[in-house]
Amino acid sequence: MKRICLFVMTNLAVVVVLGIVANLLGVNRFLTANGLNLSALLGFALVMGFGGAIISLLISKPVAKWSAGVRIINNPQNADEAWIVETVRKLADKAQIGMPEVGIFEGAPNAFATGAFKNSSLVAVSTGLLQGMTREEIEAVIGHEIAHVANGDMVTMALIQGVMNTFVVFLSRVIGYAVDSFLRKGDNNNSGPGIGYYVSTIVLDIVLGFAAAIVVAWFSRHREFRADAGAAQLLGRKQPMINALARLGGMVPGELPKAVAAMGITGNIGKWFATHPPIEERIAALQNAQPGQV
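**A few points about the overall build of the protein**
Part 1 of the argument: Helices and strands together make up the secondary structure of the protein, namely 13 helices and 4 strands.
Part 2 of the argument: Expressed as a percentage of the 294 residues in the protein, the buried residues total 44%.
Part 3 of the argument: Approximately 15300 Å² of the protein is accessible, and the part contributed by carbon and sulfur atoms is 63%.

As structure tokens, then:
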């Protein structure tokens, strides 16, 4: 979950910055100078949408290191660290990808993989995961993360996020222009977008952004099933991944920091934004998979 959450949050921040820069450069006035220029708007939406997603993808690894406090294992300091590095190396070779950077971070049971390219990725595991699982289960979790890298999931999610961003930017400005035109009907001093346009686009960027996040989360949940199956393939059997999932299901998740706890989404609505399927569904999918599917 950390992998996708970091990507989405970084992407939103980049898109906001690009939007502010576009406003300062007068792009909105250009788009509405002689009526709404839909062709120019579509080009603007594509640049904004995919620009934010691509920049987020390219900086995903350093942002993940910084935000999670990852310590990269350059020279293993003990037998456990040496085993983790060797496990990542072994599974990366099986998946036919370049050796990822390997890191450890403090916190509740968790692990993630990130990076813009298959051959220069990062795989990180938490201290809580290392302390609460057997080596076989940890190997399965690492296999899951390696499968994400091998499947190109970060690039896939970036493309999906880019498409969603493009729709959000395009639709919010079309609707914002319509609202502004209605509010300024009969105003002969129409030299550019008015307050109705700016307010509408800001509100719609947020509302449609949430709708886009639901779509991105839906795709993310489906990629998790595939990564589970990928881990089973890398290990040669599915039981270790099933055991690891069962162990994760029995662990108490870490609390959100107080600064963001109020922003947490829970209940039925929260299921729409969940980047991972329920543990029970993931275990069932592995148990019901045919031998050739894992």
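**Things to note about the side chain of Arg223**
Part 1 of the argument: Counting through the fold element by element, Arg223 comes out in helix H9 (residues 195–235).
Part 2 of the argument: The exposure class of Arg223 is buried, given its relative accessible area of 16%.
Part 3 of the argument: Sequence-distant contacts of Arg223, defined by excluding residues within four places in its chain, comprise His148, Asn151, Asp153, Thr156 and Met157.

**Some remarks on the side chain of Asp228**
Part 1 of the argument: Take Asp228: it is sitting in helix H9.
Part 2 of the argument: The class of Asp228 is buried, set by a relative accessible area of 1%.
Part 3 of the argument: In contact with Asp228, not counting residues within four places along its chain, are His144, Met241, Leu245, Arg282 and Leu286.

**Considering the pairing of strand E3 (residues 111–114)**
Two faces, one strand: in a regular strand the side chains alternate between the faces of the sheet.
Part 1 of the argument: Residues Ala111 and Ala113 line one face of E3 and the alternating positions Phe112 and Thr114 line the opposite face, and both faces are buried.
Part 2 of the argument: In this structure, E3 lies alongside strand E4 (residues 122–126), joined through 4 bridges in antiparallel fashion. The residue of E4 that forms the bridge with Ala113 is Val123.

**Looking at the pattern of salt bridges**
Part 1 of the argument: Applying the stated criterion across every chain, the model contains 12 salt bridges.
Part 2 of the argument: Arg223 is the salt-bridge partner of Asp153, the closest N and O atoms lying 2.5 Å from each other. Taken together, the residues Asp153 in helix H8 (residues 153–183) and Arg223 in helix H9 connect sequence positions 70 residues apart.
Part 3 of the argument: The class of Asp153 is buried, set by a relative accessible area of 1%.
Part 4 of the argument: Across the pair Asp205 and Arg173 runs a salt bridge whose closest N-O atoms are separated by 3.4 Å. With Asp205 in helix H9 and Arg173 in helix H8, the pair connects residues that are 32 residues apart, well separated along the chain.
Part 5 of the argument: Take Arg173: its relative accessible area is 7%, and that puts it in the buried class.

**Topic: the packing of aromatic side chains**
Part 1 of the argument: Considering all chains together, one arrives at 3 aromatic pairs under this definition.
Part 2 of the argument: Aromatic side chains Trp218 and Phe219 sit 5.0 Å apart centroid to centroid with 90 degrees between the ring planes, which places their arrangement in the edge-to-face category.
Part 3 of the argument: Since its relative accessible area comes to 32%, Phe219 is described here as partly exposed.

**Thoughts on the packing of helix H7 (residues 135–150) against helix H10 (residues 239–250)**
Part 1 of the argument: Running from N to C, H7 and H10 cross one another at 100 degrees; their axes reach a closest spacing of 8 Å. Between H7 and H10, the angle falls in the class roughly perpendicular. Along its contact with H7, which presents Glu136, Glu137, Ala140, Val141 and His144, the element H10 presents Pro240, Met241, Asn243, Ala244 and Arg247.
Part 2 of the argument: Classifying every residue of the contact of H7 with H10 by side-chain character gives 5 nonpolar, 2 polar and 3 charged.

**A look at the pairing of E4**
Part 1 of the argument: Of all 5 residues making up E4, 5 are buried, and the element is well covered by its neighbours.
Part 2 of the argument: Across the two faces of E4 the burial is the same, with Leu122, Ala124 and Ser126 and Val123 and Val125 all buried.
Part 3 of the argument: Relative to E4, strand E2 (residues 101–105) is paired through 5 bridges, and the arrangement is parallel. When the bridges of E4 are listed, Glu101 appears paired with Leu122.

**Notes on helix H5 (residues 79–95)**
Part 1 of the argument: A rise of 1.5 Å per residue sets the reference length of H5, with its 17 residues, at 24 Å; its end C-alpha atoms lie 24 Å apart and thus fit the reference within 8%.
Part 2 of the argument: Taken together, the buried positions of H5 are occupied by Glu81, Ile84, Val85, Thr87, Val88, Leu91, Ala92 and Ala95. Buried residues of H5 fall within an arc of 160 degrees about the axis and therefore sit on the same side. With respect to the buried face of H5, the exposed residues turned more than 90 degrees away are Ala79 and Asp93.
Part 3 of the argument: Against the buried residues of H5 lie strand E1 (71–72), E2, E4, helix H6 (127–132), H7 and H9.
Part 4 of the argument: Backbone nitrogen of Asp80 and a side-chain oxygen of the N-cap are separated by 3.1 Å at the start of H5; the cap is Asn78.
Part 5 of the argument: A positive backbone phi angle near 60 degrees is found at Gln96, which sits one or two residues after H5.

What counts and what doesn't
Residues numbered from 1 in each chain as written. Predicted model: local features only at pLDDT ≥ 70, side-chain atom pairs only at ≥ 80, totals over all residues. Heavy atoms only, no water. Helix = DSSP H or I, 4+ residues; strand = E, 2+ residues; numbered from the N terminus. Buried < 20%, exposed > 50% of the residue type's maximum accessible area, 1.4 Å probe, protein only. Areas by Shrake-Rupley, 256 points an atom, 1.4 Å probe, with all protein chains shown as cover. Contact = heavy atoms within 4.5 Å. Pairing = 2+ DSSP bridges. Salt bridge = Lys/Arg side-chain N within 4 Å of Asp/Glu carboxyl O. Phe/Tyr/Trp six-rings, centres within 6.5 Å; stacked < 30°, edge-to-face > 60°. Axes fitted to C-alpha atoms, helices over the stretch in contact; angles between N-to-C directions. Parallel < 35°, antiparallel > 145°, perpendicular 65-115°, else oblique. Nonpolar A, V, L, I, M, F, W, Y, C, P; charged D, E, K, R; others polar. Expected span 1.5 Å × (residues − 1). Arc of directions from axis to C-beta. Polar contact = N/O pair within 3.5 Å; in protein donor to acceptor, adjacent residues only side chain to side chain.

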